[in-house]
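Per-entry structural report
Here are the chains, one letter per residue:
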Amino acid sequence: MNFNLGVSVALCMIFLTIVSAWHNGYDDDLNYQCPSGKSVNGYGTALWDHHSINVIYLLLDVSILLYRDYPYDTCTWTGYANTWDGAFSLTCPNNGIMVGTYSYHDDRTEDRLWQFYCCTRTDYYAVNCYQTPLQNEWDGYHDYTAPSGYYIHGVASQHDNKKEDRRWQYTVCQLKEST
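What comes next is a walk through the structure. The shown structure was predicted, so the numbers you read here are calculated from the model rather than taken from an experiment. (Residues numbered from 1 in each chain as written. Predicted model: local features only at pLDDT ≥ 70, side-chain atom pairs only at ≥ 80, totals over all residues. Heavy atoms only, no water.)

**Thoughts on the sheet that holds strand β10 (residues 151-160)**
Heads up, the rule is: Here, strands pair whenever DSSP counts at least two bridges between them. Counting from the N terminus, the helices are DSSP H or I runs at least four residues long and the strands are E runs at least two residues long. Lines fitted to C-alpha atoms define the axes here, with helix axes fitted over just the stretch in contact, and angles between the N-to-C directions of these axes take values from 0 to 180 degrees.
Strand order in this open sheet of 4 strands is β5-β10-β11-β8, and the pairing throughout is antiparallel. Each edge of the sheet is formed by a strand with only one pairing partner; in this case those strands are β5 (88-91) and β8 (124-131). Sheet twist, expressed as the average angle between the axes of neighbouring strands with direction ignored, equals 20°. The pairing of β8 with strand β11 (residues 165-177) spans 6 bridges and is classified as antiparallel. When the bridges of β11 are listed, Y130 appears paired with V172.

**A short note on the sheet that holds strand β4 (residues 74-77)**
Across the sheet, which stays open at both edges, the 4 strands sit in the order β1-β6-β7-β4 with antiparallel pairing between neighbours. Of all strands in the sheet, those with a lone pairing partner are β1 (30-33) and β4, marking the two edges. Each strand axis lies, on average, 15° off the axis of its neighbour in the sheet, ignoring direction. Of the pairings in the sheet, the one linking β4 to strand β7 (residues 111-120) comprises 4 bridges and is antiparallel in character. Among the inter-strand pairings, C75 is bridged to a residue of β7, identified as C119.

**A short note on unusual backbone geometry**
Stated formally: Using a 1.4 Å probe on the protein chains alone, a residue whose accessible area is under 20% of its type maximum counts as buried, one over 50% counts as exposed, and one in between counts as partly exposed.
Positioned with a positive phi, D85 is a non-glycine residue whose angle comes to about 65°. Locating D85 in the fold gives a position in the loop between β4 and β5. Note on D85: relative accessible area 25%, which makes it partly exposed. The phi dihedral of N94 is positive, around 55°, even though this residue is not glycine. Mapped onto the elements, N94 comes out in the loop between β5 and β6 (97-106).

**Thoughts on the packing of aromatic side chains**
Under the convention used in this document: Side-chain rings of Phe, Tyr and Trp (the six-membered ring for Trp) are treated as a pair once their centres are within 6.5 Å; stacked means planes under 30 degrees apart, edge-to-face means over 60, and tilted covers the remaining angles. We call a charge positioned above a ring when the Lys NZ or Arg CZ atom is no farther than 6 Å from the ring centre and deviates by at most 35 degrees from the ring normal.
Evaluated as defined, the whole model comprises 10 aromatic pairs. Considering the side-chain rings of Y80 and Y104, the 6.0 Å spacing of their centres and the 75° angle between planes classify their relative orientation as edge-to-face. One end of the pair, Y80, is in the loop between β4 and β5; the other, Y104, is in strand β6, with 24 residues separating them in the sequence. On the accessibility criterion, Y104 (27% relative accessible area) is partly exposed. Centroid distance Y130 to Y150: 5.6 Å. Interplanar angle 70°. Geometry classified as edge-to-face. Linking Y130 in strand β8 with Y150 in the loop between β9 (142-145) and β10, this pair joins segments that are 20 residues apart in sequence. Here the aromatic cluster, defined as three or more aromatic residues joined through ring pairs, consists of Y80, W84, Y102 and Y104. Here the basic side chain of R167 rests over the ring of W138, its NZ or CZ set 5.7 Å away from the ring centre.

**A look at the state of the cysteines**
Threshold: The definition used for a disulfide is geometric: two cysteine sulfur atoms within 2.5 Å.
Considering all chains together, one arrives at 3 disulfides under this definition. With its sulfur 1.9 Å from that of its partner, C75 forms a disulfide with C119. Taking the torsion about the sulfur-sulfur bond, which here is approximately 110°, the covalent link between C75 and C119 counts as right-handed. A residue pair is termed long-range when its members are at least 10 positions apart, and C75 in strand β4 and C119 in strand β7 qualify at 44 residues. Residue classification places C119 among the buried positions, given a relative accessible area of 0%. Through a disulfide, C129 is tied to C173; the S-S separation comes to 2.0 Å.

Below you can see the structure in the form of structure tokens.
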């Protein structure tokens, strides 16, 4: 067996083992809502293509969500945050935080449309918000977890048609009880 092929097969097997715990697979829809009283605490994506692994032609586009406690009063889905191949910046309305995500993939554009499930508590409001730097390089692994005491309030993303990939950044906030 060719050494490069052997290494590629081994990497593929390791990656597929890790992927089995994620919320969607190659080109599959992502449709996830946190269990009641929880919120999204982090996102991760991976994009492997025929340029990333020599010899094997493999595309993987998967997402994982982490969550933390957040009992909420009302929730709503946003509309689509982006158009095909378009950049977007979205924050949850009414001091809300992200509690779910939906996206679907289009083979023609090699992109996804994104929606987010936002929830609010009437007795809390967002404070000390800031936007993170970009969290990944083009064609790179992406793994983000909000700092302790912070919640994901918004997300921004840009798309590159040549690389057929997205870069991500987040708006995170602490929550303060209304007095």
